Amino acid sequence: MLAYQAGLAKFTGANTQVFGVSTDNTPSQKAFAEKVNATFPMLSDFAKREVSAKYGILMPDRGIANRATFVIDTDGKIQHIEEGSSAIDPTGAETACSRMAHKK
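In this text the structure is predicted, and so the values were computed from the model without any measurement. (Residues numbered from 1 in each chain as written. Predicted model: local features only at pLDDT ≥ 70, side-chain atom pairs only at ≥ 80, totals over all residues. Heavy atoms only, no water.)

### Comments concerning the pattern of salt bridges
Step number 1: Considering all chains together, one arrives at 1 salt bridge under this definition.
Step number 2: The residue Lys 10 makes a salt bridge to Glu 94 at a minimum N-O spacing of 3.9 Å. Here the residue Lys 10 occupies a position in helix α2 (residues 8-13), and Glu 94 occupies one in helix α5 (residues 91-103), the gap between them amounting to 84 residues.
Step number 3: Judged by relative accessible area, Lys 10 falls into the exposed class, the value being 56%. (Salt bridge = Lys/Arg side-chain N within 4 Å of Asp/Glu carboxyl O. Helix = DSSP H or I, 4+ residues; strand = E, 2+ residues; numbered from the N terminus. Buried < 20%, exposed > 50% of the residue type's maximum accessible area, 1.4 Å probe, protein only.)

Structure below.
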């Protein structure tokens, strides 16, 4: 999240919206957002974990989601996915957003 916050201007310049989704509860997310000075929205998938399940990243045996980054276009189509430790580096998402912006 720190890297995404630090590079937020690159996403804004590509006409994109950054937000975080996690299986943590809202108070935990708020504390985390304050800790890392996140200015983008943080959404909770705590209650039913439906978003994580539908995107195929929920680990049901552990009750948490695998770390992942999705770039979704304006038509709702997934254009780019990164999972695991590489998802914390925004480079791939930045490149995908830039490519999409230049296609228009």
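There's more to say after this.
### Here we look at the environment of Val 51
Step number 1: Summarising the element assignment, Val 51 is placed in helix α4 (residues 50-54).
Step number 2: With 13 residues separating them in the primary sequence, Val 51 and Ala 38 have C-alpha atoms 21 Å apart.
Step number 3: Discounting chain neighbours no more than four positions away, the residues touching Val 51 are Val 21 and Asp 45. (Contact = heavy atoms within 4.5 Å.)

### Concerning α5
Step number 1: Given a rise of 1.5 Å per residue, 13 residues ought to cover 18 Å, and the 19 Å separating the end C-alpha atoms of α5 matches this to within 8%.
Step number 2: What α5 keeps buried is the set Gly 92, Ala 93, Glu 94, Ala 96, Cys 97 and Met 100.
Step number 3: Residues of α5 that are buried make contact with α1 (2-6), α2, β5 (68-72) and β6 (78-83). (Expected span 1.5 Å × (residues − 1).)

### Considering the pairing of β5
Each regular strand displays side chains that alternate between the two surfaces of the sheet.
Step number 1: Because side chains alternate across β5, one face comprises the buried residues Thr 69 and Val 71, and the other comprises Ala 68, Phe 70 and Ile 72, none of which is buried.
Step number 2: In the sheet, β5 pairs with β6 via 5 bridges, with the strands oriented antiparallel. From the neighbouring strand, Thr 69 faces β6, where its bridge partner is Glu 82. (Pairing = 2+ DSSP bridges.)

Worth remembering: the numbers are spatial, not functional.
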